[in-house]
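# Chains, contacts and geometry: an overview
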Amino acid sequence: MAPANKDAVGIAVPTTGFRRFMFFNRFTVEREEGFVRILFGNVNKANVLQDAYGTVISEMELEVLKPSTMDYLGAQGTLLDAPTLWQPAGPIPTEVANHMVMARHGSIAETILYSISFCSALALSREASVQEPKKHAGVPNLFADPMALLRSPLAAQQHLIRLLFAAGEPSLLEKR
């Protein structure tokens, strides 16, 4: 059982300052050695890739996100039709993410990616355990780096969640 007096680091997730803004209507999920690579694509009606973005997040970090993300998905009701299967034809540059936030407004979904340095979080945690508690305990002492704000049809986000959190589920690329 975890100790009752556990040191914590307050992490703020900014809502502005994203390095990348993109619409996606296709995605694929690949798992390897404890990490999940997610590739997002914007494909036009002629099936030509217009834009792409890639990120990798660890299975461990996804496990922490699972309860809130599954609650979010469950509150949406019926699962909409899955997007068309997609496999990028060429390489897509990939960034590392640690945190993902999702929201929706009607049929428009938003998937937001952040990165937080483990080294910084561990250093702050060690520092907090040596010093007296701060008077302003609710004030964050570490800021996440806002990486990407991605918009999509709600159906694409629903099926992304389904693939990210379904144990043993094959990726959209695998034949069934």
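Quick notes on the rules
Every chain is numbered on its own, with residues counted from 1 as its sequence reads. Local features in this predicted model are restricted to residues of pLDDT 70 or higher, and side-chain atom pairs are both shown and tallied only at a pLDDT of 80 or more, whereas totals for entire chains, interfaces and linings draw on every residue. As a rule here, side-chain values come from all non-hydrogen atoms in the structure, and water together with hydrogens is ignored. A pair of strands is labelled paired if DSSP reports no fewer than 2 bridges between them. Per the convention used, a helix needs a DSSP run of H or I reaching at least four residues, while a strand needs a run of E reaching at least two, with both numbered from the N terminus. Every angle, taken between N-to-C directions, lies between 0 and 180 degrees, and every axis is a line fitted to C-alpha atoms, over only the stretch in contact when it is a helix. Contacts: residue pairs with any heavy atoms within 4.5 Å of one another. What a helix should span is 1.5 Å times the count of its residues minus one. Here the bend at each residue means the angle between axes fitted to two seven-residue stretches, the one ending at that residue and the one beginning there. Type-normalised accessible area, obtained with a 1.4 Å probe on protein chains alone, sets the label of each residue: buried when under 20%, exposed when over 50%, and partly exposed for intermediate values. Note that the term roughly parallel is reserved for angles under 35 degrees, roughly antiparallel for angles over 145, roughly perpendicular for angles of 65 to 115, and oblique for everything else. Here is the rule for handedness: rotate from the far helix to the near one, and if that takes an anticlockwise turn smaller than a right angle the crossing is left-handed, while a clockwise turn gives right-handed.

## A closer look at the sheet that holds strand E10 (residues 145-153)
Strand order in this open sheet of 4 strands is E2-E10-E8-E7, and the pairing throughout is mixed. One side of each edge strand has no neighbouring strand; the edge strands of this open sheet are strand E2 (20-23) and strand E7 (99-105). The average angle at which neighbouring strand axes cross in this sheet is 15 degrees, direction not considered. Direction of pairing for E2 relative to E10: parallel, over a ladder of 4 bridges. Of the residues in E10, the one forming a bridge with Phe23 is Arg151. Each of E7, strand E8 (108-115) and E10 touches helix H3 (residues 154-165); the most contacted strand, E10, lies at about 120 degrees to it.

## Some words on helix H1 (residues 59-74)
Its 16 residues give H1 an end-to-end C-alpha distance of 21 Å, which sits within 8% of 22 Å, the value for a rise of 1.5 Å per residue. Of all the bends in H1, the largest measures some 50 degrees and sits at Lys66, one to four residues before the proline Pro67. Among all positions of H1, only Glu61, Leu62, Leu65, Thr69, Tyr72 and Leu73 are buried.

## What about the packing of H1 against H3?
Running from N to C, H1 and H3 point in directions that differ by 140 degrees, and their axes come no closer than 10 Å. What the angle tells us is that H1 and H3 run oblique. Regarding H1 and H3, the two cross each other, and that crossing is left-handed. Where H1 abuts H3, its residues Leu62, Leu65, Lys66, Thr69, Met70, Tyr72 and Leu73 lie against Gln157, Gln158, Ile161, Leu164 and Phe165.

## Examining the environment of Glu59
Structurally, Glu59 is set in helix H1. Classification of Glu59 as partly exposed rests on a relative accessible area of 30%. Along the backbone, Glu59 and Phe165 are 106 residues apart, and their C-alpha atoms lie at a distance of 9.4 Å. Those residues in contact with Glu59, other than ones at most four positions away along the chain, are Arg31, Gly34, Phe35 and Val36.

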